[in-house]
Protein chains: 2
Amino acid sequence: MMGLRFTVPALMLFCAVSLQAQTSDEKTLDRIFDETMNNGEAYDNLHVLCKQIGHRLAGSPQADMAVRWSFALLQTYGFDSVWLHPVTVPHWVRGEKEYGEILNVAKVNILALGGSISTPVDGITEEVIEVRDFDHLKELGPEKIKGKIVFFNYPFPQNVVNSFEGYGEAGPYRWHGPSDASAMGAKAVLIRSVGSAHDDFAHTGSTTFASGVPKIPCAALSAIDADLLSATLQGNTNTLFKMILNCKMLDSVQSYNVIAEMRGSQFPNEIIVVGGHLDSWDVGEGAHDDGAGCMQSVEVLRTLKAAGIQPKRTIRCILYMNEENGNMGGKTYGKYAERSKTEKHIAALESDAGGFSPRGFSMDSALLHAANIQPLIKMMEQYGVYQFSEGHGGTDIGPLEKAGTHLIGLVPDSQRYMDLHHTENDVFEQVHIRELHMGAAVMAMMCWYLSEYGVQ
Amino acid sequence: MMGLRFTVPALMLFCAVSLQAQTSDEKTLDRIFDETMNNGEAYDNLHVLCKQIGHRLAGSPQADMAVRWSFALLQTYGFDSVWLHPVTVPHWVRGEKEYGEILNVAKVNILALGGSISTPVDGITEEVIEVRDFDHLKELGPEKIKGKIVFFNYPFPQNVVNSFEGYGEAGPYRWHGPSDASAMGAKAVLIRSVGSAHDDFAHTGSTTFASGVPKIPCAALSAIDADLLSATLQGNTNTLFKMILNCKMLDSVQSYNVIAEMRGSQFPNEIIVVGGHLDSWDVGEGAHDDGAGCMQSVEVLRTLKAAGIQPKRTIRCILYMNEENGNMGGKTYGKYAERSKTEKHIAALESDAGGFSPRGFSMDSALLHAANIQPLIKMMEQYGVYQFSEGHGGTDIGPLEKAGTHLIGLVPDSQRYMDLHHTENDVFEQVHIRELHMGAAVMAMMCWYLSEYGVQ
């Protein structure tokens, strides 16, 4: 793109904008945007979280550090209140050693799924049976599965517009593939990573065993290693795989949601929650998942305070603990909100789909069609935010549904997220300052607007 | 983001989609999308262009290689016609050595602007006068400017939604800052790079001297080095800067636009152009600017052919030469189209704003409001493409306006583009396969739809 391209259109644009009379609400949205984009601190805060603390699975020492550090950070900003909300969390550990080998062919990286048990100390060395999909698993039946290592090799679909659709399609092989295989007598499970990139990164994440089904060792292979294993099996169906995992579930641990708020000037007991989750998987730095959402949520309060915007309703920033493997932070807070006799949680906004360019918001149908949200939807087009749709809010805020809270999810551009999700590659360097801050800015707009007008 | 989030919504989504009866046009758009996303070759082709050829300023040996390689590539795809369209292009060279030093403080990287002349062999060592903006330049006047190195230190604005707006604001300091300073007697010019990132990369790009104004040496500093120079000047206004540039304009060179087409089955003489520019600046790899747009344009034809979609009107892919410093490819082709008695160029689509996630299309007002484009605008929402607005098409296709052609520009997400634009950092690794291919897919949809229905 050469030089003179934008001279005339840009000048025309500036004139057009300056000639239109802005409403007071439009001016407030602009003040929010300018404050976040010019002075935002989410990016620098995320750098500290990622580089000085790093990954932080619930129950880990790093999760504890993240709680202490973010509590102190919120205090330095001087918000109206900052507190810790106790949560009891599970404490799963990966253990010191993971070993995978296509016997006599190649060593490969394996990454235990959260919830996996350990192998015997010497590992499991067993024949591998490759399974295309759940129908194929049924077709093979217990007699062919029993005693084997089941290898689910379902590829991530690329012909999806939003990569979360691909996650919805390939994800079940992680979520309950191991349980299904164990129910048929499998000794262990390997899965092709649930991720959109064809690279060397394995993707971890939770798996759940159905009640009564024996837990078995289970781990993910990168897409490249899954291809290697599949090609090897094509050449020799008797190929053995050796895997060693040392993961285990320890006793539950006391942890915390970290909370701060700006109290509403007119309706302090009506609460707008904005949040993300402070915990991450135990690989990488939890940069997009979900350090980004946490630091954006802090930025919402920082921006409003710095811009001198006093909300009418209380805006409460919650950095939830343990979204990844239990959601105890979300559940515990949800129960509090449900039982509260003094506070009404009218809406909750979560950012947990990455710190990429914001494209819209998903929300419950009632909110999407509420009369007083329509002007905001229209005004947000100015900021490139076009996609308002019915859909998921977020895992942490999900339990607030029982408290009658409207749930909203930030919808960022999704194309890169599933490359990084739950991998060693989800690091600070993957986050772009303008994208992160633009997300925070539109979150602040949403929170301020709801605090100003409520939901009707 | 944990595991089970998308099970229910995803299933509901799939059911909802499958229950709706798709129109024939919707099915065609889906076929296009699936073909590009599942089998697209733009990413692999871009890898060759970036890594085996590299940057390719018009007139350079690499530009010549790019012409030969892309011509051969188009031939291998077996399109109806592939040809070279001769274009005479300027041949500016950077020269073998660039040297910048804040005297007795630090050496800094300087990057000559395209169109700059060389310094004397020993360079220029002179006092620097920092200029905030054009008003400040006027205020200082010729007596303070004369004989000095003028340093335009205008920062890229961050409070813009689209980074091209920021380019529109800061860009003039590159486009005509050197000319304005020279008109007041400046000996040379340094500019703060026109780029959105605060990093060590200097951004080159064209500068133009007004007729009668002496050409002078001019170069860009990275944002970090601009800060260093500014801070140094604050401490010592007599700071000297030494710069050596060896750039020069050589004789014009014969080059080519590289063209291929699928001939329309019903209206072969009605042409839809799709293109980008094959040349790039002489740093980095010209990956986003504009290898991406070229390989997407090739992919449009590849996708339609592979999906067995026969256009009614001719779709012509043009890889333009010399957009960056002369636009001779665009001008030469525009003249051809204007004079053609047999062909009517009804529309032209350009991708030259980066290979990032597609967000919409900008186009002339008549096309934006044409009756038979409205169904496409509606259908494209399914692919996350929401922003249809009046605006610029592209520099290469600009001259087609005189031929009565409707001009359309792909609008990708803009947040990262101005970090990379015209720098050593515009390399293949910055391009994401899904983003690149999604852009190509929606370009193919636009081209096919226009070929099917024309513009009415």
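These numbers come from a predicted model, not from an experiment.

**Quick word on the overall build of chain A**
Part 1 of the reasoning: The helix and strand inventory of chain A stands at 15 helices and 16 strands.
Part 2 of the reasoning: For a compact globule of 456 residues, the expected C-alpha radius of gyration is about 23 Å, and chain A comes in at 24 Å, within 12% of that figure.
Part 3 of the reasoning: Viewed in the frame of its principal axes, chain A has a C-alpha envelope of about 75 × 60 × 40 Å.
Part 4 of the reasoning: In chain A, buried positions account for 59% of the 456 residues.
Part 5 of the reasoning: For chain A, the share of sequence-separated contacts (at least 6 apart) that also reach a separation of at least 24 residues comes to 83%.

**Things to note about the packing of helix α2 (residues 24–39) of chain B against helix α10 (residues 287–306) of chain B**
Residue and element names in this part refer to chain B.
Part 1 of the reasoning: It is at 9 Å that the axes of α2 and α10 come closest, and there the two elements cross at 115°. Judged on the interaxial angle alone, α10 and α2 are roughly perpendicular. Between α2 and α10 lies a crossing whose hand is right-handed. Of the residues in α10, those touching α2 at Ile32, Glu35, Thr36 and Asn39 are Glu299, Thr303 and Ala306.

**Notes on the relation of the copies chain B and chain A**
Part 1 of the reasoning: When chain B is brought onto chain A, the operation consists of a screw motion whose angular component is 180° and whose axial shift is 0.0 Å, with 0.0 Å RMSD remaining. The superposition of one copy onto the other is thereby described by a two-fold rotation axis. Of the C-alpha atoms belonging to chain B, the one lying closest to the rotation axis is found on Tyr386(B), 3.3 Å away.

**Focus on the interface of chain B and chain A**
Part 1 of the reasoning: With 51 residues of chain B at the interface, the matching set in chain A holds 54 residues.
Part 2 of the reasoning: Elements with a minimum of two residues in the side of chain B that touches chain A: α1 (7–19), α2, α6 (163–170), α7 (172–175), α10 and α15 (433–453) of chain B.
Part 3 of the reasoning: Its residues placed into classes, the side of chain B that touches chain A shows 16 nonpolar, 22 polar and 13 charged.

**Description of the pairing of strand β14 (residues 358–363) of chain B**
Two faces, one strand: in a regular strand the side chains alternate between the faces of the sheet.
Residues and elements named next belong to chain B.
Part 1 of the reasoning: Most of β14 is tucked away: 6 of the 6 residues are buried.
Part 2 of the reasoning: In this structure, β14 lies alongside strand β15 (residues 387–390), joined through 4 bridges in parallel fashion. Looking at β15, one finds that Met363 is bridged to Glu390.

**Observations regarding the sheet that holds strand β4 (residues 111–112) of chain B**
All names here are of chain B.
Part 1 of the reasoning: Spatial strand order, β3-β2-β9-β5-β6-β7-β8-β4: 8 strands in an open sheet with mixed pairing. Looking at the sheet topology across the chains shown, the edges are occupied by β3 (106–108) and β4.
Part 2 of the reasoning: Pairing geometry for strand β5 (residues 124–131) and strand β6 (residues 149–152), over 4 bridges, is parallel. What sits directly across from Val131, in β6, is Phe152.
Part 3 of the reasoning: In this fold helix α5 (residues 134–145) packs onto β5 and β6, with an angle of close to 150° to the strand it touches most, β5.
Part 4 of the reasoning: Each of β2 (99–102), β3, β5, β6, β7 (188–192) and β8 (218–221) touches helix α9 (residues 223–235); the most contacted strand, β5, lies at about 90° to it.

**Points about unusual backbone geometry**
All names here are of chain A.
Part 1 of the reasoning: Cis geometry marks the peptide bond from Asp289 to Asp290, where omega comes out at 5°.
Part 2 of the reasoning: Counting through the fold element by element, Asp290 comes out in helix α10 (residues 287–306).
Part 3 of the reasoning: Of note, His422 is a non-glycine position whose phi angle comes to about 65°, a positive value.
Part 4 of the reasoning: Position of His422 relative to the elements: it lies in the loop between α14 (417–420) and α15 (433–453).

**Observations concerning the packing of α10(A) against α15(A)**
Residue and element names in this part refer to chain A.
Part 1 of the reasoning: Across the interface, α10 lies against α15 with an axial gap of 8 Å and an inter-helix angle of 55°. The orientation of α10 relative to α15 falls into the category oblique. Pair α10 / α15 crosses with right-handed handedness. For the pair formed by α10 and α15, the contact residues are Ala292, Gln296, Glu299, Val300, Thr303 and Leu304 on the first element and Leu436, Gly439, Ala440, Met443, Ala444, Cys447 and Trp448 on the second.
Part 2 of the reasoning: Broken down by class, the residue content of the contact of α10 with α15 amounts to 9 nonpolar, 3 polar and 1 charged.

**A look at the sheet that holds strand β3 (residues 106–108) of chain A**
Residues and elements named next belong to chain A.
Part 1 of the reasoning: Ordered by their spatial adjacency, 8 strands build an open sheet running β3-β2-β9-β5-β6-β7-β8-β4, and the pairing between neighbours is mixed. For this open sheet the edge positions go to β3 and β4 (111–112), each flanked by a neighbour on one side alone.
Part 2 of the reasoning: Where strand β2 (residues 99–102) lies against β3, 3 bridges are found, and the strand directions are antiparallel. Paired with Ile102 across the bridge in β3 is Ala106.
Part 3 of the reasoning: Against the sheet, helix α5 (residues 134–145) engages β5 (124–131) and β6 (149–152), with an angle of about 150° to β5.
Part 4 of the reasoning: In the packing of helix α9 (residues 223–235) onto the sheet, the strands contacted are β2, β3, β5, β6, β7 (188–192) and β8 (218–221), and the crossing angle to β5 comes to about 90°.

**Regarding the domain arrangement of chain A**
All names here are of chain A.
Part 1 of the reasoning: Here chain A is partitioned into domain 1 (23–92 + 251–453) and domain 2 (95–246).
Part 2 of the reasoning: The straight-line distance from the C-alpha centre of domain 1 to that of domain 2 is 33 Å.
Part 3 of the reasoning: Facing 16 residues of domain 1, the contacting portion of domain 2 comprises 17 residues.
Part 4 of the reasoning: Among the elements that make up the side of domain 1 that touches domain 2, the one with the highest residue count is α14 (3 residues).
Part 5 of the reasoning: The residue makeup of the side of domain 1 that touches domain 2, split by class, is 6 nonpolar, 7 polar and 3 charged.

**Brief notes about the environment of Gly276(A)**
Residues and elements named next belong to chain A.
Part 1 of the reasoning: Inspection of the secondary structure assignment puts Gly276 in strand β11 (residues 267–277).
Part 2 of the reasoning: Assessed through the 31 C-beta atoms surrounding it within 10 Å, Gly276 is described here as buried.
Part 3 of the reasoning: Considered as a pair, Gly276 and Asp352 are 76 residues apart in the sequence and their alpha carbons are 5.9 Å apart.
Part 4 of the reasoning: In this structure Gly276 touches Asp290, Gly293, Cys294, Gln296, Ser297, Leu319, Glu350, Ser351 and Asp352, once residues within four positions along its chain are discounted.

Calculation criteria
Throughout, a residue's number is its position along its own chain's written sequence, starting from 1. Starting at A for chains and at 1 for ligands, labels are handed out in the order in which the entities are written. Confidence filtering applies because this is a predicted model: local features only for residues at pLDDT of at least 70, side-chain atom pairs given and counted only at 80 or more, and all residues used for totals across whole chains, interfaces and linings. Note on conventions: DSSP H or I runs of at least 4 residues are helices, E runs of at least 2 residues are strands, and numbering of each starts at the N terminus. Throughout, the radius of gyration refers to the C-alpha atoms, and the reference size of a globule is 2.2 Å times the residue count to the power 0.38. Exposure in this text rests on C-beta crowding, where 20 or more other C-beta atoms within 10 Å of a residue's own make it buried, 12 or fewer make it exposed, and counts in between make it partly exposed. The C-beta atoms are placed from the backbone. Note on contacts: each residue gets a C-beta atom placed from the backbone, and two residues are in contact if those atoms are within 7 Å. Fitted lines through C-alpha atoms serve as axes, helices being fitted only where they are in contact, and the angles separating the N-to-C directions of these axes extend from 0 to 180 degrees. Angles are sorted into four bins: roughly parallel if under 35 degrees, roughly antiparallel if over 145, roughly perpendicular if 65 to 115, and oblique for all others. Note: crossing handedness is left-handed where the near helix turns anticlockwise from the far helix by less than a right angle, and right-handed where it turns clockwise. Here the copies are matched by least squares. The fit uses the C-alpha atoms of residues with pLDDT of at least 70 in both. When residues are sorted by character, Ala, Val, Leu, Ile, Met, Phe, Trp, Tyr, Cys and Pro go into the nonpolar class, Asp, Glu, Lys and Arg into the charged class, and all the rest, Gly among them, into the polar class. One requirement defines pairing of two strands: DSSP has to find at least two bridges between them. Reported domain spans reflect what an automatic or database domain assignment gives.

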